[in-house]
Amino acid sequence: GPTSQPVDLATGRFENQGNVLHALGVAKAATTVVGDVRPTLGRTTNAAGTVSDDGNRIDVDFRRITFELSEAFGVGLKGVRKIVVPRQLAEAAQPAN
């Protein structure tokens, strides 16, 4: 389904919103991802081994991922939601986003 991604350049915050519709119309759902983006600092290597020189890539930190089921078999649903808060270990390499 349709997806939008508002980005606030002043704060470096983004929100990715996506709607999902089952191919046969069995269910409707939505996902929302909230996070921060920033230029890499200096020479860094992410978890996939991609090297960044002089801020030519960005790092993305996911803050919250929400999955919400809004309809199943034609019946509207309320409160069927799962929120995930990713936690990155301080010693871990920056994830490859």
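Treat the numbers as computed from the prediction; the structure is a model and nothing was measured.

The rules behind the values
Residues numbered from 1 in each chain as written. Predicted model: local features only at pLDDT ≥ 70, side-chain atom pairs only at ≥ 80, totals over all residues. Heavy atoms only, no water. Helix = DSSP H or I, 4+ residues; strand = E, 2+ residues; numbered from the N terminus. Rg over C-alpha atoms; globule rule 2.2 N^0.38 Å. Buried < 20%, exposed > 50% of the residue type's maximum accessible area, 1.4 Å probe, protein only. Contact = heavy atoms within 4.5 Å. Areas by Shrake-Rupley, 256 points an atom, 1.4 Å probe, with all protein chains shown as cover. Lys, Arg positive; Asp, Glu negative; His and termini not counted. Charge placed at Lys NZ, Arg CZ, Asp CG, Glu CD. Salt bridge = Lys/Arg side-chain N within 4 Å of Asp/Glu carboxyl O. Phe/Tyr/Trp six-rings, centres within 6.5 Å; stacked < 30°, edge-to-face > 60°. Pairing = 2+ DSSP bridges.

A. Representation of the overall build of the chain. Of the regular secondary structure elements, the chain holds zero helices and nine strands. Starting at the N terminus and ending at the C terminus, the chain contains elements arranged as β-β-β-β-β-β-β-β-β. The globule rule puts the C-alpha radius of gyration for 97 residues at 13 Å, and the 17 Å found for the chain is more than 25% above it. Overall size of the chain, expressed as C-alpha extent along the three principal axes, is 50 × 25 × 25 Å. Counting over 97 residues, the chain shows a buried share of 16%. When contacts within the chain are restricted to residue pairs at least 6 apart in sequence, long-range pairs at least 24 apart make up 36% of them. Split by element, the accessible area of the chain, about 6,900 Å² in all, is 57% carbon and sulfur. With 11 positive and 10 negative side-chain charges, the chain shows a spacing of 7 Å between the two charge centroids.

B. Region of interest: the pattern of salt bridges. The tally for this structure, following the rule as stated, stands at seven salt bridges. Arg 63 is paired through a salt bridge with Asp 36; the nearest N and O atoms lie 2.6 Å apart. Placement of the pair is Arg 63 in strand S7 (residues 58–72) and Asp 36 in strand S4 (residues 27–39), with a sequence separation of 27 residues. Given a relative accessible area of 39%, Arg 63 falls into the partly exposed group. Between Arg 38 and Asp 59 there is a salt bridge, with the nearest N and O atoms lying 3.8 Å from each other. With a gap of 21 residues between them, Arg 38 in strand S4 and Asp 59 in strand S7 connect regions that are remote in the sequence.

C. Up close: the packing of aromatic side chains. Taken as a whole and judged by the stated rule, the model has one aromatic pair. An angle of 80° between the planes, with centres 6.2 Å apart, marks the rings of Phe 14 and Phe 62 as edge-to-face. Within this pair, whereas Phe 14 is found in strand S3 (residues 13–21), its partner Phe 62 is found in strand S7, the two being separated by 48 residues in sequence. On the accessibility criterion, Phe 62 (31% relative accessible area) is partly exposed.

D. Looking closely at the pairing of S4. Pairing of S3 with S4 involves nine bridges; the strand directions are antiparallel. By the bridge assignment, Phe 14 is partnered in S4 with Gly 35. The turn joining S3 and S4, which pair antiparallel and follow one another in sequence, is formed by five residues; a positive phi near 75° is taken by Gly 25. Relative to S7, S4 runs antiparallel, the two being bridged by 13 bridges. Within S7, the residue paired with Asp 36 across the bridge is Asp 61.

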